[in-house]
Amino acid sequence: MINKTFSKGDLLNIISKFGIDIPNANLMDKLRLSITLWSELHNIATIPPDNEEYMIENLEQLKEYLKKPNPDKLLSVKQKNKIMRFCKEVIVYCNNGYNVDCSIFNSIEEIHIPMKDISIHGDIPSVRRAIKLLNNDPQLKDKIEPVISNRMKKQLENKNKKKVKKYYGLISKNGSFILTFD
């Protein structure tokens, strides 16, 4: 049976990613969709491997993945809110010129040690932003790297791709540009 931590959106993404044929899947509720997907997985012989998002090679690995709790949803709402509140305080500290006196913290260690622990939740945008700002702190001895899942890395790459738009012959590009005038 599919673990209940997978949302309907997660299941729909898995269905489309692995090309599983379930008609009107987006019209089903989560429970019916999970039951239908599980029975369909027992009826098919193979699935195409996915080495980008899920890192799943075969049907048995997909079944095992779906039996376990969703790795993207390891935090409860209460835990996530606590992490986000801490990150907001770190961002305030960073925006106030890395001055401990202008924050709720008493020392740099009060920020650095919990931030290292929180860095495993790099899929949360507030965590990534707080780490990015904190890494610019001149008092910080070693940098912190957020741990980001493959799915989030792919979403961030797609978001950061420079997009070219054409409007009636005008080409618009997004990105950083340097203009010099003579």
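Above this note sits the structure.
The structure displayed is predicted, hence computed values, not measured ones.

> So what exactly am I meant to see when it comes to the overall build of the chain here?
Looking only at helices and strands, the chain features seven helices and two strands. Counted from the first residue to the last, the chain has its helices and strands arranged as α-α-α-α-α-α-α-β-β. Over its C-alpha trace the chain gives a radius of gyration of 22 Å, far above what one expects of a compact globule, namely 16 Å for 182 residues. The buried share of the chain, reckoned over its 182 residues, is 34%. For the chain, restricting intrachain contacts to residue pairs at least 6 apart in sequence, the fraction spanning at least 24 positions comes to 57%. Total accessible area on the chain stands at roughly 12500 Å², and carbon and sulfur atoms take up 54% of it.

> Would you take a moment to explain a positive patch on the surface for this structure?
On the surface, a cluster of positive charge is contributed by Lys 78, Lys 82, Arg 85 and Lys 88. Mapped onto the elements, Lys 88 comes out in helix H4 (residues 77-95).

> Looking at this structure, I do not really get the nonpolar core. What am I missing?
One broad rule of soluble globular proteins: the nonpolar side chains tend to lie buried together. Val 90, Tyr 93, Met 115 and Leu 134 are the most contacted members of the largest nonpolar core, which totals 22 residues. Going through the elements one at a time, H4, helix H5 (109-118) and helix H6 (125-134) are the ones with two or more residues in this core. If you tally residues by element for this core, the top one is H4, at seven residues. Here Tyr 93 is in contact with Tyr 98, Asn 99, Val 100, Ser 103, Phe 105, Ile 108, Ile 111, Leu 134, Asp 137 and Gln 139, once residues within four sequence places are set aside.

> So what exactly am I meant to see when it comes to the packing of H4 against H6 here?
Relative placement of two packed helices is described by the angle separating their axes and the distance separating the axes. The N-to-C vectors of H4 and H6 enclose an angle of 30°; their axes lie 9 Å apart at closest approach. When the axis of H4 is compared with that of H6, the two are roughly parallel. For the crossing formed where H4 meets H6, the hand is left-handed. Here H4 contributes Ile 83, Met 84, Cys 87, Val 90, Ile 91, Tyr 93, Cys 94 and Asn 95 to the contact with H6, which in turn contributes Ser 126, Val 127, Arg 129, Ala 130, Leu 133 and Leu 134. The class makeup of the residues in the contact of H4 with H6 is 11 nonpolar, two polar and one charged.

Rules and cut-offs
- Residues numbered from 1 in each chain as written.
- Predicted model: local features only at pLDDT ≥ 70, side-chain atom pairs only at ≥ 80, totals over all residues.
- Heavy atoms only, no water.
- Helix = DSSP H or I, 4+ residues; strand = E, 2+ residues; numbered from the N terminus.
- Rg over C-alpha atoms; globule rule 2.2 N^0.38 Å.
- Buried < 20%, exposed > 50% of the residue type's maximum accessible area, 1.4 Å probe, protein only.
- Contact = heavy atoms within 4.5 Å.
- Areas by Shrake-Rupley, 256 points an atom, 1.4 Å probe, with all protein chains shown as cover.
- Patch = residues over 30% accessible without salt bridge, like charges linked within 9 Å, V, L, I, M, F, W, Y side chains within 5 Å.
- Salt bridge = Lys/Arg side-chain N within 4 Å of Asp/Glu carboxyl O.
- Lys, Arg positive; Asp, Glu negative; His and termini not counted.
- Charge placed at Lys NZ, Arg CZ, Asp CG, Glu CD.
- Core = buried A, V, L, I, M, F, W, Y, C linked by side-chain atoms within 4.5 Å.
- Axes fitted to C-alpha atoms, helices over the stretch in contact; angles between N-to-C directions.
- Parallel < 35°, antiparallel > 145°, perpendicular 65-115°, else oblique.
- Left-handed = near helix turned anticlockwise from the far one by under 90°.
- Nonpolar A, V, L, I, M, F, W, Y, C, P; charged D, E, K, R; others polar.

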